[in-house]
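# Survey of secondary and tertiary structure
Here is what each chain is made of, one letter per residue.
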Amino acid sequence: MTDLLVPLYNLPSRPVMEGFVVETPLPHESPVLLEFVEKNFGGGWRAEVSMAFTRVPPRIKAAADSSTGRLLGFCCWDCTALGFLGPVGVMKEARGRGVGGALVLSVLHSMAEAGYGYAVVGGAGPVDFFRSICDARVIPGSDPGLYGRLGKRS
């Protein structure tokens, strides 16, 4: 997996959301979010997402169904490294509804508002997804990137 670079100075507008909302969860909501992440995406992601709640405001956006309040996905930033977007997770049954794009664009706009000029998507799996929503560009020589360091330190 490779890293992607996203210029934050020319982002598309935040999309209109139908059937779901994207919000910044409050710290007291972290147990619910962390349990959701671990159950649906694994313990490694839970560790990263927990870092989002160490900042004020938290560096996470969550999507929930408008009518039921059921969590659909999340997107974090500044968790593994400053300026990094991710992890991002959307429930399989919510994919194709614009949830992932809305989460990512919401986070990218928050990063721009915080003064970042660029964001890095570390270890991006769905490269075409990021290219299509935010003009993400592959960073040459970034594989394995930051996530490939464990066990390779001198």
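Below is a short write-up of the structure. (Residues numbered from 1 in each chain as written. Predicted model: local features only at pLDDT ≥ 70, side-chain atom pairs only at ≥ 80, totals over all residues. Heavy atoms only, no water.)

## Looking at the pairing of strand β6 (residues 118-124)
For β6, the buried fraction is high: six of the seven residues fall into the buried class. As judged from the five bridges shared by strand β1 (residues 2-7) and β6, these two strands associate in the antiparallel manner. Its bridge partner being in β6, Leu5 is matched across the sheet by Val120. Across two bridges, the pairing between strand β5 (residues 84-90) and β6 is parallel. Bridge assignment links Phe84 to a residue of β6, and that residue is Val120. Between β5 and its parallel partner β6, the chain crosses via helix α3 (residues 99-113), and the hand of that crossover is right-handed. (Buried < 20%, exposed > 50% of the residue type's maximum accessible area, 1.4 Å probe, protein only. Helix = DSSP H or I, 4+ residues; strand = E, 2+ residues; numbered from the N terminus. Pairing = 2+ DSSP bridges. Right-handed = clockwise from strand over helix to strand, strands pointing away.)

## Focus on the packing of aromatic side chains
For any pair of aromatic rings, geometry is given as the distance between the ring centres together with the angle between the planes. Tallied over the full model, the rule gives six aromatic pairs. Ring centres 5.4 Å apart and planes at 20 degrees place the aromatic pair Phe41 and Trp45 in the stacked group. With centroids separated by 6.1 Å and ring planes inclined at 80 degrees, the aromatic side chains of Trp45 and Phe74 adopt a geometry described as edge-to-face. Of the two residues, Trp45 sits in helix α2 (residues 43-52) while Phe74 sits in strand β4 (residues 71-77), which places them 29 residues apart along the sequence. Taking relative accessible area as the criterion, Trp45 reaches 29% and is therefore assigned partly exposed. Phe74 gets classed as buried once you look at its relative accessible area, which sits at 0%. Members of the aromatic cluster, joined through ring pairs, are Phe36, Phe41, Trp45 and Phe74. (Phe/Tyr/Trp six-rings, centres within 6.5 Å; stacked < 30°, edge-to-face > 60°.)

## A short note on the packing of α3 against helix α4 (residues 127-134)
Where α3 contacts α4, the two axes come as close as 10 Å, and the packing angle between them is 60 degrees. Looking at the two axes, α3 sits oblique to α4. Where α3 crosses over α4, the two elements pack in a sense that is right-handed. Of α4, the residues touching α3 (which contributes Gly100, Gly101, Val104, Leu105 and Leu108) are Phe129, Phe130, Ile133 and Cys134. (Axes fitted to C-alpha atoms, helices over the stretch in contact; angles between N-to-C directions. Parallel < 35°, antiparallel > 145°, perpendicular 65-115°, else oblique. Left-handed = near helix turned anticlockwise from the far one by under 90°. Contact = heavy atoms within 4.5 Å.)

## What about the environment of Glu35?
Checked against the element boundaries, Glu35 lands in helix α1 (residues 30-41). A relative accessible area of 56% places Glu35 in the exposed class.

## Looking at the pattern of salt bridges
Under the definition given, this model contains seven salt bridges. Ionic pairing is found between Arg55 and Asp78, a salt bridge with its closest N-O pair at 3.7 Å. Here Arg55, found in the loop between α2 and β3 (60-65), pairs with Asp78, found in the loop between β4 and β5; they are 23 residues apart in sequence, far enough to count as distant. Note on Arg55: relative accessible area 31%, which makes it partly exposed. For Glu93, the salt bridge is made with Arg70, and the minimal N-O distance between the two is 2.6 Å. (Salt bridge = Lys/Arg side-chain N within 4 Å of Asp/Glu carboxyl O.)

## Structural notes on the sheet that holds β3
Read from one edge to the other, the open sheet built from seven strands follows the order β2-β3-β4-β5-β6-β1-β7, with strand pairing classed as mixed. Each edge of the sheet is formed by a strand with only one pairing partner; in this case those strands are β2 (20-23) and β7 (137-138).

## As for the packing of α1 against α2
Here α1 crosses α2 at 155 degrees, and the two axes come no closer than 7 Å. Taken together, α1 and α2 sit at an angle that is classed as roughly antiparallel. Handedness of the α1/α2 crossing: right-handed. Contact with α1, carried on its side by Leu34, Glu35, Val37, Glu38 and Phe41, involves Gly43, Trp45, Arg46, Val49 and Ser50 of α2 and no other residues of that element.

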